[in-house]
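Listed below, chain by chain, are the residues.
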Amino acid sequence: MLRHSYASELTRIFASKGTALIVSALTLTPATATVLFVIAVVAGYRYRGVWKTEGPAWKAWVYGTVAAGCLLALGFIPLEAR
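Rules of the game
- Residues numbered from 1 in each chain as written.
- Predicted model: local features only at pLDDT ≥ 70, side-chain atom pairs only at ≥ 80, totals over all residues.
- Heavy atoms only, no water.
- Helix = DSSP H or I, 4+ residues; strand = E, 2+ residues; numbered from the N terminus.
- Buried < 20%, exposed > 50% of the residue type's maximum accessible area, 1.4 Å probe, protein only.
- Areas by Shrake-Rupley, 256 points an atom, 1.4 Å probe, with all protein chains shown as cover.
- Core = buried A, V, L, I, M, F, W, Y, C linked by side-chain atoms within 4.5 Å.
- Contact = heavy atoms within 4.5 Å.
- Patch = residues over 30% accessible without salt bridge, like charges linked within 9 Å, V, L, I, M, F, W, Y side chains within 5 Å.
- Salt bridge = Lys/Arg side-chain N within 4 Å of Asp/Glu carboxyl O.

Participant: Just give me the short version of the overall build of the chain, but keep the residues and values in it.
Facilitator: Each helix and strand counted, the chain has three helices and zero strands in total. Along the chain, helices and strands appear, N-terminal first, in the series α-α-α. Considering the chain as a whole, with its 82 residues, one finds that 13% of them fall into the buried category. Per element, the accessible surface of the chain, about 6500 Å² overall, is 69% carbon and sulfur.

Here it is as structure tokens:
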């Protein structure tokens, strides 16, 4: 079983090549990832409701942006290794 996180492995790889890469220690806990997923699902459902009823465009933008932001965070921020 691996004892180090993906971020620490990236830091080691780039530090050995002399490249100044700043890899933050930002990771998601499983609980935080679950909350983000639920927010993304609810925002996506609301987006679909606004789109179906041809509601105000600003609401669709808000719900769509929230859903997309949550899904991008889930996709690109690593989960913490235990």
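Participant: Report on the nonpolar core, specifying residues and quantitative values.
Facilitator: In terms of nonpolar packing, the biggest core is built from six residues, these being Leu28, Ala33, Leu36, Ala40, Cys70 and Ala73. Mapped by element, the contributors of at least two residues to this core are α2 (30–52) and α3 (57–76). By residue number, the principal contributor to this core is α2, which donates three residues. Sequence-distant contacts of Ala33, defined by excluding residues within four places in its chain, comprise Leu28, Leu74 and Leu79.

Participant: How would you summarise unusual backbone geometry if you had to cite specific residues and measurements?
Facilitator: Although it is not a glycine, Glu54 sits at a positive phi angle of roughly 55°. Among the structural elements, Glu54 can be located in the loop between α2 and α3. A relative accessible area of 70% places Glu54 in the exposed class.

Participant: Kindly report on a nonpolar patch on the surface, identifying the contributing residues and their values.
Facilitator: Residues Val35, Ile39, Trp58, Val62 and Val66 make up a contiguous nonpolar surface patch of about 460 Å² in total accessible area. Elements with a minimum of two residues in the nonpolar patch: α2 and α3. Looking at the nonpolar patch, the element that brings in the most residues is α3, giving three residues. Of note, Val35 is situated in helix α2.

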